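Per-entry structural report
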Amino acid sequence: MEIYMYSEPQTSMHTCRCTDGCAPPACPFSLNRKESCPLNTGIPASLPYNQRRRSGSCQDPNPRCLDSWPLCSVYLSSFQEMIKKTSMYSHPLIHHLMDPEAHKEIRENYDDKQVVTEIMARCFTPTLITTTSWEGFHFVGHEIRITEAMDCYGAVVWPSALVLCYFLETNAKQYNMIDKNVIEIGAGTGLVSIVASLLGAHVTATDLPELLGNLQYNISRNTKMKSKHLPQVKELSWGVALDKNFPRSSNNFDYILAADVVYAHPFLEELLVTFDHLCKETTIIIWVMKFRLEKENKFVDRFKELFDLEEISSFPSLDIKLYKAMKKNRRSA
Ligand SMILES: C[S@@+](CC[C@H](N)C(=O)[O-])C[C@H]1O[C@@H](n2cnc3c(N)ncnc32)[C@H](O)[C@@H]1O
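The structure displayed is predicted, hence computed values, not measured ones.

**Side note on the site of the ligand**
Taken together, 20 residues form the shell around the ligand, and within it Trp 158, Gly 186, Asp 207, Trp 238 and Ala 259 come nearest. Separating a nitrogen atom of the ligand from a backbone N or O atom of Gly 186 is a distance of 2.8 Å. Contact distances for the ligand include 2.8 Å between a nitrogen atom and a backbone N or O atom of Ala 259. Classifying every residue of the shell around the ligand gives 13 nonpolar, four polar and three charged.

In structure tokens:
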């Protein structure tokens, strides 16, 4: 199991991502990693986090998982058993867990956990040290190698991108990409565009100018001789020169893809304008939103003023939702 620490864009919070899909936010006790989980099998709170790994006996049936988070987030039923045996009933969380209404939520969280585990298992890191660093992903029967950099948000693969890739792969019949015109905005390292291309789409991957070199490299490396149509890489700074670079008359996109494009940046209004500009009456937007701060989360309400929004999946343990959207008041769909 690998654990990655990374900062959330524009916030001081740190989140951990683990290839087993262990996601600390699901467990109220693991939010502060200095605390020990009540389910924990004897790992003292005083033990520094990095020494907790590989200590204690993890009950997770997945033998790769040696961390204490899965104890917290997966074993809610054992958690309930445990709290029955203790005198912690007065804690509000306990009341929540004992409430039958809350069981549905727990079940949903458990299902979420299973899918998230499956999604995160698509990542792998090279077993050999190589001169160029890359991270690997398995989608659409291909091993996809992504070169990342640590200097900007678009230079790493974010969990939302994995959620979107998994969705495209597992819903390839309903959302058929073969020969479809697809544009991705805020493509970052290009993983989503690569997957759409491997699924047969004509893809245009777009991002800010400084991202395009790495984006082009990843896209070429992973689609050459593999994709039916060679993807294009193009600059698209939200709200900038849209009429010139993407004239409405020639925009003919079947799908607009977007993963984790809403966070604390100053271009949310321009992002909305860009969605609107690229979207025709028949265009389907597939957008994966990571919920972080209240201010940016309000973007969803602004978005709903222009688009009919449908929630397709929710992954509470990642604070991620996957939406499908189409232009409001369209004549035909
Ligand atoms: C959090 S990253 C997500 C990257 C990728 N979609 C993923 O999920 O891995 C946000 C992306 O939006 C891009 N971005 C941010 N502001 C932008 C702007 N004003 N115009 C175009 N792209 C922008 C960033 O360069 C970055 O690639």
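**Observations concerning the nonpolar core**
One finds Leu 168, Leu 191 and Ile 286 to be the most contacted residues of the largest nonpolar core, which totals 46 residues. It is helix 6 (residues 159-170) that provides the largest number of residues to this core, a total of eight residues. Once residues lying within four places of it in the same chain are set aside, the contact partners of Ile 286 are Leu 164, Phe 167, Leu 168, Tyr 175, Tyr 255, Ile 256, Leu 257, Ala 258, Leu 322 and Tyr 323. Of all hydrophobic cores here, the second largest spans 26 residues; its members include Ile 185, Phe 253, Ala 258 and Ala 325.

**A word on the sheet that holds strand 12 (residues 320-327)**
With mixed pairing, the seven strands of this open sheet are ordered in space as 8-7-6-9-10-12-11. Edge positions in the sheet fall to strand 8 (232-235) and strand 11 (307-315), since each has one partner strand and no second. Adjacent strand axes in the sheet meet at a mean angle of 20 degrees when their direction is disregarded. In terms of strand pairing, strand 9 (residues 255-259) meets strand 10 (residues 284-290) through five bridges, oriented parallel. The residue of strand 10 that forms the bridge with Leu 257 is Ile 286. Running at roughly 175 degrees to strand 7 (residues 202-207), helix 7 (residues 191-198) makes contact with strand 6 (181-185), strand 7 and strand 9 of the sheet. Against the sheet, helix 12 (residues 299-306) makes contact with strand 10, strand 11 and strand 12, and its axis sits at roughly 140 degrees relative to strand 11, the strand it touches most.

**Thoughts on the packing of aromatic side chains**
The final tally for this structure, using the stated rule, is ten aromatic pairs. Summarising the aromatic geometry, the rings of Phe 167 and Tyr 175 are spaced 5.2 Å apart at their centres and angled 50 degrees between planes, so their arrangement reads as tilted. Each of the two residues, Phe 167 as well as Tyr 175, counts as buried. Lying over the aromatic face of Phe 246, Lys 234 brings its terminal NZ or CZ to 4.3 Å of the ring centre.

**Side note on the pairing of strand 6**
Along strand 6, four of the five residues are buried, which leaves the element largely enclosed by surrounding structure. Here strand 6 pairs with strand 7 via four bridges, running parallel. From the neighbouring strand, Asn 181 faces strand 7, where its bridge partner is His 202. As for the winding sense of the linkage, the β-α-β connection from strand 6 through helix 7 to strand 7 is right-handed. The sheet contact formed by strand 6 and strand 9 spans four bridges and is parallel. Pairing of Glu 184 across the sheet is with Leu 257, part of strand 9.

**A look at helix 7**
Most of helix 7 sits inside the fold, with eight of its eight residues counted as buried. Here helix 7 has its buried residues at Leu 191, Val 192, Ser 193, Ile 194, Val 195, Ala 196, Ser 197 and Leu 198. Gly 200 sits one or two positions beyond helix 7 and adopts a positive phi of about 110 degrees.

**A short note on the pattern of salt bridges**
Across all of its chains, the model carries nine salt bridges by this definition. With a closest N to O distance of 2.8 Å, Asp 179 and Lys 228 form a salt bridge. Of this pair, Asp 179 sits in the loop between helix 6 and strand 6 while Lys 228 is found in the loop between helix 8 (212-223) and strand 8, placing the two residues 49 residues apart along the sequence. Across the pair Arg 248 and Asp 276 runs a salt bridge, and its minimum N-O distance is 3.9 Å. With Arg 248 in the loop between helix 9 (242-245) and strand 9 and Asp 276 in helix 10 (residues 268-278), this residue pair connects regions lying 28 residues apart in the sequence.

**Re the environment of Ala 201**
The residue Ala 201 is located in the loop between helix 7 and strand 7 in this model. Relative accessible area serves as the criterion here: at 0%, Ala 201 is assigned to the buried category. A C-alpha to C-alpha distance of 4.9 Å links Ala 201 and Lys 180, two positions 21 residues apart in sequence. The contacts of Ala 201, once residues within four sequence positions are left out, are Met 177, Asp 179, Lys 180, Val 182, Ala 196 and His 229.

Conventions used here
Residues numbered from 1 in each chain as written. Predicted model: local features only at pLDDT ≥ 70, side-chain atom pairs only at ≥ 80, totals over all residues. Heavy atoms only, no water. Near = heavy atom within 4 Å. Polar contact = N/O pair within 3.5 Å; in protein donor to acceptor, adjacent residues only side chain to side chain. Nonpolar A, V, L, I, M, F, W, Y, C, P; charged D, E, K, R; others polar. Core = buried A, V, L, I, M, F, W, Y, C linked by side-chain atoms within 4.5 Å. Buried < 20%, exposed > 50% of the residue type's maximum accessible area, 1.4 Å probe, protein only. Helix = DSSP H or I, 4+ residues; strand = E, 2+ residues; numbered from the N terminus. Contact = heavy atoms within 4.5 Å. Pairing = 2+ DSSP bridges. Axes fitted to C-alpha atoms, helices over the stretch in contact; angles between N-to-C directions. Phe/Tyr/Trp six-rings, centres within 6.5 Å; stacked < 30°, edge-to-face > 60°. Lys NZ or Arg CZ within 6 Å of the ring centre and 35° of its normal. Right-handed = clockwise from strand over helix to strand, strands pointing away. Salt bridge = Lys/Arg side-chain N within 4 Å of Asp/Glu carboxyl O.

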